[in-house]
Amino acid sequence: MGIVVENVSKQFGSFQAVNQVDLEIKSGSLVALLGPSGSGKSTLLRLIAGLEMPDGGKIWLTGKDATNQSVQQRNIGFVFQHYALFKHMTVRQNIAFGLEIRKAAKGKIKSRVEELLDLVQLSGLGDRFPSQLSGGQRQRVALARALAVEPKVLLLDEPFGALDAKVRKDLRAWLRRLHDEVHVTTVFVTHDQEEAMEVSDEIVVMNKGKVEQIGTPAEIYDHPATAFVMSFIGPVNVLPSNSRIFQEHGFDSVHPEMFLRPQDVIVDTVPNGTTVPARINRLIHLGWEIQVELSLDDGQVVTAHLSRERFDKLDLEPQQRVYVKPKDAKSFPLYYSI
């Protein structure tokens, strides 16, 4: 057993940060807590770590009730967004810090530090100070320091949030490879949907202190449980359910809005009886795909994503008259705005 959160709540003044959350994280898995600012994801992580105490409910770690345990008793590694490295210590000394506090044997400390330097691809940089490293290297030192004491659980709070896009992407791939080597139960907080989809085994989508959905990246994306999840995970068009684009194609809903992914908008240059006319406002080249911004005749704006092959075949241009229809669309009883 990894982590079990049982009916946990946390309130700060009048703000309900976490509201009766139930969650089970399997041992050895890598799970993302994903949601917008104020959704409760960082508070939940801090409750698991023992940095905050719940107002109600229980937290179980590896089968033991840890609700009232201190941070030290929980044997958790915690990595913050801004590294929190000791500036006056070398990389090697930073990694060794936790082991020295625990009075581990010098021989064990030395071998463990060298092992971790190799694991996080920083061999040869052990004598440098944090100021002599790049942001990505400093974050890897922070991860190595957290792993040094061989924690049962590793928690990461927006670990790549302070880094630029290219470094973030490289570190995401590295973190996935690292997890596959060490197999420590890992939970990380992020507001970045792409990051959660790329790295995690499971995603916990949070909104307003509650869990909206738990599932694999594919389940969350392909089968969203709520309007909020569909709106938050990936791009989506939100249109009135009585829009002609749905009526012409036979989509029917008792709910006021329909949700349509850009890749599910079919674009053609000739009508076929189930399409509706539209005009191209703008073409945006995104590398392997083209984003087509369209206006329907009723003034509604729709975004479509086309493969480069399809785009080249259609030979589209701005202001061109085209014809569109939905391949798939979803509706939900209630829509939560982000």
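Right above here is the structure, for reference.
Rules used in this analysis
Residues numbered from 1 in each chain as written. Predicted model: local features only at pLDDT ≥ 70, side-chain atom pairs only at ≥ 80, totals over all residues. Heavy atoms only, no water. Buried < 20%, exposed > 50% of the residue type's maximum accessible area, 1.4 Å probe, protein only. Helix = DSSP H or I, 4+ residues; strand = E, 2+ residues; numbered from the N terminus. Contact = heavy atoms within 4.5 Å. Phe/Tyr/Trp six-rings, centres within 6.5 Å; stacked < 30°, edge-to-face > 60°. Salt bridge = Lys/Arg side-chain N within 4 Å of Asp/Glu carboxyl O. Axes fitted to C-alpha atoms, helices over the stretch in contact; angles between N-to-C directions. Parallel < 35°, antiparallel > 145°, perpendicular 65-115°, else oblique. Left-handed = near helix turned anticlockwise from the far one by under 90°. Nonpolar A, V, L, I, M, F, W, Y, C, P; charged D, E, K, R; others polar. Patch = residues over 30% accessible without salt bridge, like charges linked within 9 Å, V, L, I, M, F, W, Y side chains within 5 Å. Areas by Shrake-Rupley, 256 points an atom, 1.4 Å probe, with all protein chains shown as cover. Lys, Arg positive; Asp, Glu negative; His and termini not counted. Charge placed at Lys NZ, Arg CZ, Asp CG, Glu CD. Core = buried A, V, L, I, M, F, W, Y, C linked by side-chain atoms within 4.5 Å. Pairing = 2+ DSSP bridges.

**Q** What am I meant to see in helix H2 (residues 91–101) here?
**A** Note that an α-helix has 3.6 residues per turn; residues three or four places apart therefore point the same way. For H2, the set of buried residues is Val91, Asn94, Ile95, Ala96, Gly98 and Leu99. Looking at the buried side of H2, the elements it contacts are helix H3 (106–119) and helix H4 (135–148).

**Q** Looking at this model, I keep getting lost on the packing of aromatic side chains. Mind explaining?
**A** Aromatic rings considered in pairs are described by the distance between their centres and by the relative angle of their planes. In total, this model carries three aromatic pairs according to the counting rule given. The interplanar angle of 10 degrees and the centroid separation of 5.6 Å between the aromatic rings of phenylalanine 228 and phenylalanine 232 together place this pair among those described as stacked. One end of the pair is phenylalanine 228 and the other is phenylalanine 232, both in helix H8 (residues 227–232) and four residues apart, which spans about a single turn. Owing to a relative accessible area of 0%, phenylalanine 228 belongs among the buried residues under this scheme. Residue classification places phenylalanine 232 among the buried residues on the basis of a relative accessible area of 7%. Taking the centre distance of 5.4 Å and the plane angle of 75 degrees together, the rings of phenylalanine 259 and phenylalanine 332 count as edge-to-face. Here phenylalanine 259 is found in strand S12 (residues 257–260), whereas its partner phenylalanine 332 is found in the segment after strand S17 (321–326), with 73 residues between them in sequence. For phenylalanine 259, a relative accessible area of 1% gives the class buried.

**Q** How should the pattern of salt bridges be read in this particular structure?
**A** Any two side chains of opposite charge can pair, given that their charged atoms come close. Inspection of the entire model under this criterion finds 19 salt bridges. Glutamate 52 is the partner of arginine 46 in a salt bridge, and the nearest nitrogen-oxygen pair spans 3.6 Å. Here arginine 46 falls in the partly exposed class, since its relative accessible area comes to 27%. Measuring nitrogen to oxygen at the nearest pair gives 3.0 Å for the salt bridge that ties arginine 172 to glutamate 194. Taken together, the residues arginine 172 in helix H5 (residues 165–182) and glutamate 194 in helix H6 (residues 193–199) connect sequence positions 22 residues apart. According to the relative accessible area criterion, arginine 172 is buried, its value standing at 4%.

**Q** What am I meant to see in the packing of H2 against H3 here?
**A** Think of two packed helices as two axes; the pair is described by the angle between the axes and how far apart they sit. At a closest axis distance of 10 Å, the pairing of H2 and H3 adopts a crossing angle of 130 degrees. The angle between H2 and H3 falls in the class oblique. Judged by the twist between their axes, the crossing of H2 over H3 is right-handed. Contacts between H2 and H3 involve Val91, Arg92, Ile95, Ala96, Leu99 and Glu100 on the former and, on the latter, Ile109, Arg112, Val113, Glu114, Leu116 and Leu117. Residues that form the contact of H2 with H3 fall into these classes: eight nonpolar, no polar and four charged.

**Q** Hey, could you run me through a negative patch on the surface in this one?
**A** Among the surface-exposed residues, Glu309, Asp312, Asp315 and Glu317 lie close enough to one another that they form a single negatively charged patch. Structurally, glutamate 317 can be placed in the loop between helix H10 (308–314) and S17.

**Q** What exactly am I supposed to notice about the nonpolar core here?
**A** With 45 residues, the main nonpolar core has Ile95 and Leu154 as its most contacted residues. The biggest single contributor to this core is H4, with seven residues. Leave out the neighbours within four places in its chain, and leucine 154 touches Gly77, Val79, Leu143, Ala146, Leu147, Val184, Thr185, Thr186 and Val187. With 25 residues, the next largest nonpolar core counts Leu33, Leu44, Ala66 and Val204 among its residues.

**Q** Could you clarify how one ought to interpret the pairing of strand S15 (residues 289–296) in this entry?
**A** Regular strands place side chains that alternate from one sheet face to the opposite one. The buried fraction of S15 is high, at seven of eight residues. By the bridge criterion, seven bridges tie strand S14 (residues 276–285) to S15 in an arrangement that is antiparallel. Residue pairing for S15: histidine 285 is matched across the bridge by isoleucine 290. Count of turn residues in the S14/S15 antiparallel hairpin: three residues, of which glycine 287 carries a positive phi of about 90 degrees. The antiparallel hairpin formed by S15 and strand S16 (residues 301–307) contains four residues in its connecting segment, where glycine 299 sits at a positive phi of about 95 degrees.

**Q** Help me understand the packing of H4 against H5, please; the structure alone is not making it clear to me.
**A** The N-to-C vectors of H4 and H5 enclose an angle of 25 degrees; their axes lie 11 Å apart at closest approach. The angle between the axes of H4 and H5 places the two elements in the roughly parallel class. Considering only the axes of H4 and H5, their crossing is right-handed. Together, Gly136, Gln139, Arg140, Leu143 and Leu147 of H4 and Val167, Leu171, Trp174 and Leu178 of H5 make up the contact between the two elements.

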